[in-house]
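Summary of structural features
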Amino acid sequence: MSSAVVILAAVATGSIPAANALAYARWPRRSPATAIVLWQGLGLGWGLATVGALLGIGAFGNGLGVASGALARLASLTRSGALRPALTLISAIQLVCLAAGFALLATLCWILVAASATVLRARQRQRMLLNLLAHGDPKVPGALVVDHPAAAAYCLPGLRSTIVLSAGVLALLDDDELAAVLAHERAHLRERHDLVLLPFSALLRAFRWAAVARRAQRAVALLVEMHADDRALRHRSAKELATALLRVGAAGGGAVPSGALAAIDCATDGDVTARVIRLLRPSPGLSPAARVLTGLTAAAAVAVPAALLALPLH
Amino acid sequence: MNRLGELERAIMDVLWEAADPLSVREVSGRLTDRDLAHTTVMTVLDRLAKKGFARRERSGRAWHYRAAESREAYVTELMLSALDQTGDRQAALARFARSVSGTEAEALLRALGALGEGAGG
């Protein structure tokens with residue numbers, strides 16, 4: 001089991017600099033979908049490896065696999081005091097690691113549940129309000145319109161998904177640009193990009209102090225937008241989409257009475273620009289070989305820690 | 001939108017337009033284009049009160065209903081939650097474009113204009 005623990009610890013610590021490198025790399029913009037898969041593999045691999053390494057240290061020396069060993073150690077702790085082995089410094093450290101491993105596993109599961117619940121509540125509130133306030137418009141078939149002068153366009157994912165546009169956006173964009181917005185939002189809804197983003201947003205909420213969590217969330221959010229841009233280009237021209245992005249971005253919801261928005265806007269200034277430049281000067285996507293290699297890397301990042309956790313290796 | 005949703009919306013419109021709290025009978029009376037049973041209107045008003053969109057108060061022997069917030073307040077809430085893209089909001093709603101500074105957008109729009117029709121497609 002010692003080699004398993006060493007590999008798990010290496011994957012756990014290695015995935016942090018790997019995530020930082022991926023956040024700063026330029027190639028993901030060429031093939032956003034491929035890069036998103038790598039982010040998912042890296043995130044899941046990090047979680048499995050970190051939990052696995054902690055449990056592995058905690059269960060070290062009982063000749064079982066990581067997961068079975070950790071459970072056996074947990075079971076032995078609940079036995080009566082007379083049968084319990086004496087507490088040494090090493091066994092104390094092992095106990096701390098064991099506890100930390102189970103605590104991290106519980107935390108990761110919990111933040112996913114909590115984030116999903118928050119998201120579902122926010123969407124339900126939106127649906128109730130839209131039901132009372134929004135109306136259709138022949139200019140944007142299938143979408144809902146809210147009478148507000150600020151420029152806002154967004155989608156509400158879920159089983160009954162909706163695209164919502166403000167009257168401000170309808171006034172701001174011409175028909176072709178509106179069609180580009182709709183094509184972009186439909187791609188989000190069709191491919192459930194909200195589910196891609198959810199674990200990264202949940203991770204950020206739990207580890208707000210970790211710069212890597214913030215970088216990962218922001219990188220995945222931008223890649224999801226770029227991927228939806230790519231999908232929209234199947235139906236609309238790059239110029240229409242880029243113009244729509246710039247007009248909506250420049251309008252920025254300034255008419256909404258909230259001081260809090262200004263600070264957020266500054267922090268994300270570069271994202272729209274990056275998307276527009278990408279639309280105007282498209283670079284060729286990754287070669288099929290590079291895409292396959294990236295996919296295999298993502299699969300390995302999950303499969304290796306999962307196997308080391310589950311299998312009784314020595 | 002289902003029938004119940006339509007009714008809720010029509011009744012909220014009545015409450016928003018009214019200056020004073022309305023009784024169930026008054027609400028029914030103002031839903032001119034519909035022929036609804038008294039109990040139906042009462043049920044929907046009750047639902048709206050439970051969801052927090054309507055407030056009810058007793059006046060004499062009957063309940064009177066009014067909108068909890070103005071229509072504008074709800075529209076503002078919708079827009080704010082759409083434009084606020086911190087953390088969970090971003091996962092709940094995907095916004096088309098976040099803000100970009102005016103000068104930057106103008107420069108890029110000029111570049112787009114210079115491309116002319118059909119270019120960049």
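Residues numbered from 1 in each chain as written. Chains lettered and ligands numbered in written order. Predicted model: local features only at pLDDT ≥ 70, side-chain atom pairs only at ≥ 80, totals over all residues. Heavy atoms only, no water.

This next bit is on the packing of aromatic side chains. Note on aromatic pairs: each is described by the distance of the centres and the angle between the planes. Residues and elements named next belong to chain A. Under the criterion given, the structure shown has 5 aromatic pairs over all chains. Plain terms: the ring middles of Trp-39 and Phe-200 are 6.4 Å apart, the flat faces sit at 85 degrees to each other, and that makes the pair edge-to-face. Taken as a pair, Trp-39 in helix α2 (residues 32-58) and Phe-200 in helix α7 (residues 193-206) lie far apart in primary sequence, 161 residues in all. The exposure class of Trp-39 is buried, given its relative accessible area of 2%. With a centroid separation of 5.8 Å and 85 degrees between ring planes, the pair formed by Phe-207 and Trp-209 is classed as edge-to-face. For Phe-207, a relative accessible area of 16% gives the class buried. Its relative accessible area of 69% is what places Trp-209 among the exposed residues. Members of the aromatic cluster, joined through ring pairs, are Trp-46, Phe-207 and Trp-209. (Phe/Tyr/Trp six-rings, centres within 6.5 Å; stacked < 30°, edge-to-face > 60°. Helix = DSSP H or I, 4+ residues; strand = E, 2+ residues; numbered from the N terminus. Buried < 20%, exposed > 50% of the residue type's maximum accessible area, 1.4 Å probe, protein only.)

All names here are of chain B. Spatially, β1-β3-β2 is the arrangement adopted by the 3 strands of the open sheet, whose pairing is antiparallel. Since the sheet does not close on itself, it has two edges, and those belong to β1 (22-23) and β2 (54-59), each with one partner. Two strands pair when backbone bridges link them, and β1 and strand β3 (residues 62-67) are joined in this way by 2 bridges, in the antiparallel orientation. Along β3, the bridge assignment pairs Ser-23 with His-64. Those strands touched by helix α1 (residues 3-17) are β1, β2 and β3, and its axis lies near 85 degrees from that of β3. (Pairing = 2+ DSSP bridges. Contact = heavy atoms within 4.5 Å. Axes fitted to C-alpha atoms, helices over the stretch in contact; angles between N-to-C directions.)

Residue and element names in this part refer to chain A. By size, the foremost hydrophobic cluster in this structure holds 43 residues, and its most contacted members are Leu-8, Trp-39, Leu-55, Val-66, Leu-108, Phe-207 and Val-220. Listed by contribution, the elements that provide at least two residues to this core are α1 (2-24), α2, α3 (66-77), α4 (89-133), α7, α8 (211-232) and α12 (288-310). Of all the elements, α2 adds the most residues to this core, at 10 residues. (Core = buried A, V, L, I, M, F, W, Y, C linked by side-chain atoms within 4.5 Å.)

Bringing the packing of α3 of chain A against α4 of chain A into the picture now. Residue and element names in this part refer to chain A. Interhelical geometry of α3 versus α4 gives an angle of 115 degrees and a closest axis separation of 11 Å. Here α4 runs roughly perpendicular to α3, going by the angle between their axes. Of the two elements, α3 crosses α4, and the hand of that crossing is left-handed. In this structure, α3 uses Ala-70, Leu-71, Arg-73, Leu-74 and Leu-77 to contact α4, whose residues at the interface are Gln-94, Leu-95, Leu-98 and Phe-102. (Parallel < 35°, antiparallel > 145°, perpendicular 65-115°, else oblique. Left-handed = near helix turned anticlockwise from the far one by under 90°.)

A few words now on the packing of α2 of chain A against α12 of chain A. Residue and element names in this part refer to chain A. For the pair α2 and α12, the least separation of the axes is 8 Å and the interaxial angle reads 15 degrees. In terms of their interaxial angle, α2 and α12 are classed as roughly parallel. Crossing angle aside, the handedness with which α2 passes α12 is left-handed. Residues Thr-34, Val-37, Leu-38, Gly-41, Leu-42, Leu-44, Gly-45, Leu-48, Ala-49 and Gly-52 of α2 lie in contact with α12, whose contacting residues are Arg-291, Thr-294, Thr-297, Ala-298, Ala-301, Val-302, Pro-305, Ala-306 and Leu-309. The residue inventory of the contact of α2 with α12, partitioned by class, reads 12 nonpolar, 6 polar and 1 charged. (Nonpolar A, V, L, I, M, F, W, Y, C, P; charged D, E, K, R; others polar.)

Another aspect to go through is the environment of Leu-129 of chain A. All names here are of chain A. Among the structural elements, Leu-129 can be located in helix α4. Judged by relative accessible area, Leu-129 falls into the buried class, the value being 2%. Along the primary structure Leu-129 and Arg-192 are separated by 63 residues, whereas in three dimensions their C-alpha atoms are 22 Å apart.

Keep in mind that these numbers describe shape and distance, not what the molecule does.
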